[in-house]
Amino acid sequence: MTAQQRKNQTEIILKENNIPINQYLPLIEEESEAVIRPAADIAKRILILAYLNTTIDNRDDREDIIAYLKTEKLWGHVSQREQKLFTKDILSEKETISISWTIECLYVMLWAINKIDDLGLPREEASGTVNLIPGYMESSEEFINGAVIRDTTEILDASDLIYRIHWAVRQSGIDDIEVQNINQDVVPEWHRAINWITFYEDNWDHITTDT
């Protein structure tokens, strides 16, 4: 499927769901040019984000969590910004909110490694993702080594769809209207996750969600 065909396919979905369309929004990368992150790397990022979220309400457990991440050889994959958040004594309200929303990234990442069957549309906040990852402080080896990446076509289909939904959500803010049945807070996190999976930027801290 070409990038243009993918755009056409996405616009059919948007039309069916009454989501505004910008026909002039650029194409995403061609399938032959796409680079998708390895499943193991996605699994590691899932665990890092999950444990960072755990520290919101368990600041006293930070040292144990950091020790666990080092034992599981995950600490080297923690971004510089995340390392500061893990080690900070008290999180600001803004930092707490920012961390908590990354739970929505997990949904897309778990889908990308075949832990969730159907991605669907970003209608509601994620639930039940904690049941799809290893228990607290359990070995991560099986989860990481057993991760299997989805087909590139599926990932790019999702990338194109999320990208165009995010434009609709941003434009709705400008026009002071609401995109029906889409959670406007979830969309940016889905976009951030899929952009990381498709190497929009290499470093997690530098991922943007341009539309």
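Our structure's up above, just so we're on the same page.
A brief report on the enclosed structure follows. What you see is a predicted model, and the numbers here were worked out from it, not measured in a lab.

## Overview of helix α8 (residues 152-175)
Now for step 1: Here α8 contains 24 residues, and its C-alpha end-to-end distance of 34 Å stays within 8% of the 34 Å for a straight helix at 1.5 Å per residue.
Now for step 2: With a side-chain oxygen positioned 2.9 Å from the backbone nitrogen of T153, the residue opening α8 is D151.
Now for step 3: Positioned one or two residues after α8, D176 has a phi angle of 60°, which is positive.

## Observations regarding helix α4 (residues 80-87)
Now for step 1: Along α4, the residues that are buried comprise E82, L85 and F86. The buried residues of α4 occupy an angular sector of 100° when the element is viewed end-on, so they sit on one face. What points out from α4, more than 90 degrees from its buried face, is the exposed set Q80 and K84.

## Quick notes on the pattern of salt bridges
Now for step 1: The final tally for this structure, using the stated rule, is nine salt bridges.
Now for step 2: Of the charged contacts, one joins D157 and R6 as a salt bridge, the two residues approaching to 2.7 Å between their closest N and O atoms. With a gap of 151 residues between them, D157 in helix α8 and R6 in helix α1 (residues 3-16) connect regions that are remote in the sequence.
Now for step 3: R6 sits in the buried class, given a relative accessible area of 0%.
Now for step 4: Look at the salt bridges and you will find they share partners, linking R6, E31 and D157 into a network.

## Quick notes on the side chain of R62
Now for step 1: Along the chain, R62 falls in helix α3 (residues 62-71).
Now for step 2: The exposure class of R62 is buried, given its relative accessible area of 15%.
Now for step 3: A distance of 2.8 Å separates a polar side-chain atom of R62 from the backbone oxygen of K88.
Now for step 4: Aside from chain neighbours lying at most four places away, what touches R62 is T55, F86, T87, K88 and D89.

## What about the packing of aromatic side chains?
Now for step 1: Overall, the coordinates contain five aromatic pairs when judged by the stated rule.
Now for step 2: Among the aromatic residues, those joined into a cluster by ring pairs are Y51, Y68 and Y136.
Now for step 3: When the ring centre of W196 is taken as reference, the NZ or CZ atom of R45 above it lies at 5.8 Å.

## Describing the packing of helix α2 (residues 39-57) against α3
Now for step 1: Where α2 contacts α3, the axes come no closer than 10 Å and their chain directions differ by 170°. When the axis of α2 is compared with that of α3, the two are roughly antiparallel. Listed contacts from α3 to Y51, T54 and T55 of α2 are R62, I65, Y68 and L69.
Now for step 2: Partitioning the contact of α2 with α3 into residue classes produces four nonpolar, two polar and one charged.

Definitions and cut-offs
- Residues numbered from 1 in each chain as written.
- Predicted model: local features only at pLDDT ≥ 70, side-chain atom pairs only at ≥ 80, totals over all residues.
- Heavy atoms only, no water.
- Helix = DSSP H or I, 4+ residues; strand = E, 2+ residues; numbered from the N terminus.
- Expected span 1.5 Å × (residues − 1).
- Polar contact = N/O pair within 3.5 Å; in protein donor to acceptor, adjacent residues only side chain to side chain.
- Buried < 20%, exposed > 50% of the residue type's maximum accessible area, 1.4 Å probe, protein only.
- Arc of directions from axis to C-beta.
- Salt bridge = Lys/Arg side-chain N within 4 Å of Asp/Glu carboxyl O.
- Contact = heavy atoms within 4.5 Å.
- Phe/Tyr/Trp six-rings, centres within 6.5 Å; stacked < 30°, edge-to-face > 60°.
- Lys NZ or Arg CZ within 6 Å of the ring centre and 35° of its normal.
- Axes fitted to C-alpha atoms, helices over the stretch in contact; angles between N-to-C directions.
- Parallel < 35°, antiparallel > 145°, perpendicular 65-115°, else oblique.
- Nonpolar A, V, L, I, M, F, W, Y, C, P; charged D, E, K, R; others polar.

Everything listed here is a matter of coordinates, which is why it stays silent on function.
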